[in-house]
Amino acid sequence: MKKLAIILSALLVSFSLSAQQSWVNVEHNPQANKEGLPPMGARVISPEVHDNHTVTFRLYAPMAREVIVRGSMFTGGMQQKMGTMTKDENGVWSITCGPFTPDIYTYTFVVDGVNNIDPANTLHNHGTMPASSMLYVHNNEPSYYDPKPGVEHGSVTTSYYDSPVTGGLRTILVYTPPKYDPKKKYPVLYLMGGSGEATDSWYLYGQINFIMDNLIAEGKIKPTIVVMPNNQVVHRMNPKHSELSFKMTEKELVEVVVPWVDSHYSTIKKANGRALSGLSMGGRHTQYVGFRNPDVFGSLGILSAALQDADEKAFGKDDVAMGRKAKALKKLDYIFIGAGVYETNDGARHALLHKQLEKEGVKHDYYIGGFSAHDFMTWRNLLYYGFLPNLWK
């Protein structure tokens, strides 16, 4: 394997929280209208987040016949409700709606039936298509996923490496805690995204760096290295995705990523110092790789996910991966299964995995939290309130 080169030295702040209007400071309220100025090159200010948690959306589209805003801020469930915007004499469509519970949401404008990002909003989610714009509804004080005054910040570094598994150049992001000292040994959390997401999803949208900063400052977790590997190993729309991706992801993590991290950072090189976690598809990868490799990863966090019969049909019968072999799973130090309120019912895949592990007598934590469903509002909550504080205990 070629030596991997670091191309971006320690980034101390998350670009996703740089103020939308000016890109000057990192703030917890980047879309508050403090100066009455639109972003450079934009015709309007959008979104404009008011202190009462209502939001004004605007779009300059004089030739459009209908404009609708739809997004995760309208409901806690999977269905995305919408608001119909009205046009003024200058061709600007607008709507003020809310108030919304403070959090970070995604939304799009539907212009004459076509989904679009907000052209006046510099913050957007590029993980899946169509892309969506980001909406930061701030509270009066920073939340658990925001930068907080007086809290020291870790660094996020982006590197490239050559992978013999995928046959190409790959990216990897690594968070190191405040005052990282190469002379000390640190536990490592390997944190994966979901279907189609870029390597930086947990950094840009999940605010994992600020979540870790705050938890460390609060004494709720040991200083920990967080590695964000790319678990997109084949095209997500490949008809053989499940057949290929589970085994390839296992090989990539166990044979390439973990050895690289151990050789480039000061890590605890034992299973009790490694955790693996992921959301959605990353949660399914976590279950497959983690259940099969307790000698590599001692703790697992399965978020809004679980393997199903269709997955096993694709990769072949595997009692260990499916959670049907208690003896193998009891080697693990900690198993966490979590999901959002509005994606949970008796037949949900994560609920079925929870019941399966209970049946087998496998100790684990099961946590349903947040006020949302299959999105980062849920996944941030699961990490901060459920999974991370119980690691390394």
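Asks: Looking at this structure, I do not really get the overall build of the protein. What am I missing?
Replies: When its secondary structure is counted, the protein shows 8 helices and 19 strands. Taken over C-alpha atoms, the radius of gyration comes to 21 Å for the protein, in line with the 21 Å a tight globule of 393 residues would show. With the C-alpha coordinates aligned to their principal axes, the bounding extent of the protein is approximately 70 × 45 × 40 Å. A buried classification covers 58% of the 393 residues belonging to the protein. At a minimum sequence separation of 6, the contacts of the protein that also span at least 24 residues come to 71%. In the form shown here, the protein has an accessible surface area of approximately 17,000 Å², with 52% of it arising from carbon and sulfur atoms.

Asks: How should I be thinking about the environment of K325 in this particular structure?
Replies: For K325, the location among the structural elements is in the loop between helix 5 (309-315) and helix 6 (326-329). With sequence-adjacent residues up to four places away left out, K325 is seen in contact with D319 and V320.

Asks: Sorry, what's going on with the confidence of the model for the protein here?
Replies: Any segment with low pLDDT has predicted coordinates that should not be analysed in fine detail. Within the protein, residue pLDDT values average 89, and 92% of them lie at 70 or more. Here residues 1-20 is modelled with pLDDT under 50, and outside its nearest four sequence neighbours on either side it reaches 71 contacts, counting other chains as well.

Asks: Where do I start with the packing of aromatic side chains in this structure?
Replies: Each aromatic ring pair is specified by the distance between its two centres and by the angle formed by the two planes. Going through the model one piece at a time under the given rule, you end up with 22 aromatic pairs. Considering the side-chain rings of Y180 and Y265, the 6.3 Å spacing of their centres and the 65° angle between planes classify their relative orientation as edge-to-face. Highlighted residues: Y180 in the loop between strand 13 (168-176) and strand 14 (188-192) and Y265 in the loop between helix 3 (241-264) and strand 16 (274-279), separated in sequence by 85 residues. Given a relative accessible area of 24%, Y180 falls into the partly exposed group. Lying over the aromatic face of Y145, R380 brings its terminal NZ or CZ to 5.1 Å of the ring centre.

Asks: Looking at this structure, how should I read the pattern of salt bridges?
Replies: Two side chains carrying opposite charge are able to pair once their charged atoms lie near each other. Tallied over the full model, the rule gives 14 salt bridges. In this structure, K148 and E218 form a salt bridge, with 3.7 Å as the shortest nitrogen-oxygen distance. With K148 in the loop between strand 11 (132-137) and strand 12 (155-163) and E218 in the loop between helix 2 (208-217) and strand 15 (225-229), this pair connects stretches of sequence that are 70 residues apart. Residue class for E218 comes out partly exposed when judged on its relative accessible area of 32%.

Asks: Can you walk me through unusual backbone geometry in this structure?
Replies: Negative phi is the rule for most residues except glycine; trans is the rule for most peptide bonds. That bond from S46 to P47 is cis: its omega, -10°, falls within 30 degrees of zero. Relative to the assigned elements, P47 resides in the loop between strand 1 (5-11) and strand 2 (48-49). Along the chain, G98 connects to P99 via a cis peptide bond; the corresponding omega equals 5°. Turning to its location among the elements, P99 is positioned in the loop between strand 7 (92-97) and strand 8 (103-111). Unlike most non-glycine residues, Q207 shows phi in positive territory, near 55°. As for its placement among the helices and strands, Q207 is situated in the loop between helix 1 (201-204) and helix 2. The class for Q207 is buried, based on a relative accessible area of 0%. A positive phi angle, close to 55°, is found at S304, a residue other than glycine. You can see S304 is positioned in the loop between strand 17 (299-303) and helix 5. Owing to a relative accessible area of 1%, S304 belongs among the buried residues under this scheme.

Asks: What should I look at first to understand helix 7 (residues 349-360) in this one?
Replies: Given 3.6 residues to a turn, an α-helix orients residues that are three or four positions apart in the same direction. In a regular helix each residue adds 1.5 Å, so 12 residues correspond to 16 Å; helix 7 covers 17 Å between its end C-alpha atoms and thus fits that length. Looking at helix 7, one finds that the buried residues are H350, A351, L353, H354 and L357. In an axial view of helix 7, the angular spread of the buried residues amounts to 160°, which keeps them on one side of the axis. Those residues of helix 7 hidden inside the fold are in contact with helix 4 (281-292), strand 17, helix 6, strand 18 (334-340) and strand 19 (365-369). Looking at the residues trailing helix 7, positive phi occurs at G361, about 75°.

Analysis parameters
Residues numbered from 1 in each chain as written. Predicted model: local features only at pLDDT ≥ 70, side-chain atom pairs only at ≥ 80, totals over all residues. Heavy atoms only, no water. Helix = DSSP H or I, 4+ residues; strand = E, 2+ residues; numbered from the N terminus. Rg over C-alpha atoms; globule rule 2.2 N^0.38 Å. Buried < 20%, exposed > 50% of the residue type's maximum accessible area, 1.4 Å probe, protein only. Contact = heavy atoms within 4.5 Å. Areas by Shrake-Rupley, 256 points an atom, 1.4 Å probe, with all protein chains shown as cover. pLDDT = per-residue confidence, 0-100. Phe/Tyr/Trp six-rings, centres within 6.5 Å; stacked < 30°, edge-to-face > 60°. Lys NZ or Arg CZ within 6 Å of the ring centre and 35° of its normal. Salt bridge = Lys/Arg side-chain N within 4 Å of Asp/Glu carboxyl O. Expected span 1.5 Å × (residues − 1). Arc of directions from axis to C-beta.

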